[in-house]
Amino acid sequence: MFGQQSFSAMGSAEKSLLAMPPHQSNESFLKAYEVVLILDDRDTFGPRSRRKVVDNIRSQFNIPVEIKLLPVGDALWIARHKELDTDYVLDFIVERKNVDNLLGSIKDNRYKDQKLRLKKCGLRKLIYLVEGDVNTVDGSESVKTACFTTEVLEGFDVQRTTGYADTEKKYGHLTGSIIDYYSRNFSAGADTSRLCLTYDEFVKRCSDLEKVTMSDIFALQLMQVPQVTEEAALAVTSLYPTLLSLAKAYTMLDGDKRAQEKMLKNKSDMVNAGASKNIFKLIWAE
């Protein structure tokens, strides 16, 4: 389970990568901040109203919960400064899918686009929450494969719940674990970690991501290639933002097919040998 135990097991290198809100000397996290769970205004919980879901989580776990129109994801957490009332976005975000919605998004490729947006939002801990029994949908193997790829190859933390009530409990337990993590690492990580964005800064960053570029389109094209994950596609487009720039790089190798097939693998650890070869075949179709 994603929670206190998994946070405790994080290595010191990874701890230093998680963003922290501003810290005054000798100030404890809980003395300075209140953690608030934010649910997306568009997220639905079947017959349950969002207000009922908020009330359930509040009453069961004694944590503040608010509803906002989130620019990306279905839930995130903010640290609200108790004196300044400034909201800082903590380094965790949830994309929630019930199994039917997940299958639909796999079929029309929305789920790849959504994961790409999560990858680019700047938050480090990406949680993919799958709600319901995958064995009850017709395309269960597709859903299982998508979950495996999302977790093992793309670095998301895939969480599963049985239904709406279980999801409410999951949000409560995650909130407790996040509070515990920041309480334990706030002082130690203050000097070495990135600074959390304010909520307004986070919204601005995400709105900038909405501006679709040629590089974004190229990344989505690459993600259709076998063995190319979101991370691999982003690694390639960071080196070669357009198809034309990548094609030019291949031409610089003077027709050495073996070198061309290995070029991207040699340029980035995010691109494995199979993906490197497959991308070359796509660009340089014989």
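Residues numbered from 1 in each chain as written. Predicted model: local features only at pLDDT ≥ 70, side-chain atom pairs only at ≥ 80, totals over all residues. Heavy atoms only, no water.

As recorded by an unreviewed UniProt entry, the chain carries the name Crossover junction endonuclease MUS81 and is attributed to Aegilops tauschii subsp. strangulata. As its UniProt record puts it under Subunit (unreviewed entry), the chain is described as follows: "Interacts with EME1." (UniProt positions renumbered as here; feature names shortened; annotations may be inferred.)

Caption draft 1: Expanded view of the packing of aromatic side chains. According to the stated counting rule, one finds ten aromatic pairs in the structure shown. Residues phenylalanine 92 and tyrosine 181 carry aromatic rings whose centres are separated by 6.5 Å and whose planes lie at 75° to one another, so their mutual orientation is edge-to-face. Highlighted residues: phenylalanine 92 in strand S4 (residues 87-98) and tyrosine 181 in helix H8 (residues 164-189), separated in sequence by 89 residues. In this pair, the class of phenylalanine 92 matches that of tyrosine 181, namely buried. Between tyrosine 128 and phenylalanine 156, the aromatic rings sit 6.0 Å apart at their centres with planes inclined by 90°, giving edge-to-face as the arrangement. One end of the pair, tyrosine 128, is in strand S5 (residues 125-131); the other, phenylalanine 156, is in the loop between helix H7 (140-153) and strand S6 (157-161), with 28 residues separating them in the sequence. Taking the relative accessible area as the measure of exposure, tyrosine 128 reaches 2% and is therefore buried. Grouping aromatic residues by their ring pairs yields a cluster made of Phe29, Tyr33, Tyr88, Phe92, Tyr181, Tyr182 and Phe186. Between the NZ or CZ atom of lysine 68 and the centre of the ring of tyrosine 199, over which it lies, the distance is 5.1 Å. (Phe/Tyr/Trp six-rings, centres within 6.5 Å; stacked < 30°, edge-to-face > 60°. Helix = DSSP H or I, 4+ residues; strand = E, 2+ residues; numbered from the N terminus. Buried < 20%, exposed > 50% of the residue type's maximum accessible area, 1.4 Å probe, protein only. Lys NZ or Arg CZ within 6 Å of the ring centre and 35° of its normal.)

Caption draft 2: Highlighting the pattern of salt bridges. In total, this model carries twelve salt bridges according to the counting rule given. Measuring nitrogen to oxygen at the nearest pair gives 2.5 Å for the salt bridge that ties arginine 194 to aspartate 91. With arginine 194 in the loop between H8 and helix H9 (199-209) and aspartate 91 in strand S4, this residue pair connects regions lying 103 residues apart in the sequence. Taking relative accessible area as the criterion, aspartate 91 reaches 1% and is therefore assigned buried. Residue aspartate 216 is joined to lysine 120 by a salt bridge in which the shortest nitrogen-to-oxygen separation is 2.5 Å. Remark: lysine 120 occurs in helix H6 (residues 110-120) and aspartate 216 occurs in helix H10 (residues 214-222); sequence separation between them is 96 residues. The exposure class of lysine 120 is partly exposed, given its relative accessible area of 23%. One salt-bridge network, in which partners are shared between bridges, spans Asp43, Arg96 and Glu131. (Salt bridge = Lys/Arg side-chain N within 4 Å of Asp/Glu carboxyl O.)

Caption draft 3: Summary view of the packing of helix H12 (residues 243-251) against helix H13 (residues 257-267). Running from N to C, H12 and H13 cross one another at 125°; their axes reach a closest spacing of 10 Å. For the element pair H12 / H13, the angle class is oblique. As for the relative orientation of H12 and H13, their crossing is right-handed in sense. From H12, Leu246, Ala249 and Tyr250 reach across to H13, where they touch Gln260, Met263 and Leu264. Tallied by class, the residues present in the contact of H12 with H13 amount to five nonpolar, one polar and no charged. (Axes fitted to C-alpha atoms, helices over the stretch in contact; angles between N-to-C directions. Parallel < 35°, antiparallel > 145°, perpendicular 65-115°, else oblique. Left-handed = near helix turned anticlockwise from the far one by under 90°. Contact = heavy atoms within 4.5 Å. Nonpolar A, V, L, I, M, F, W, Y, C, P; charged D, E, K, R; others polar.)

Caption draft 4: A look at the pairing of strand S1 (residues 33-40). Most of S1 is tucked away, with seven of its eight residues classed as buried. When S1 meets strand S3 (residues 75-81), the two strands line up antiparallel, connected through seven bridges. Among the inter-strand pairings, valine 36 is bridged to a residue of S3, identified as isoleucine 78. Across four bridges, the pairing between S1 and strand S2 (residues 65-68) is parallel. Each residue of the ladder has a partner; that of isoleucine 38, found in S2, is glutamate 66. (Pairing = 2+ DSSP bridges.)

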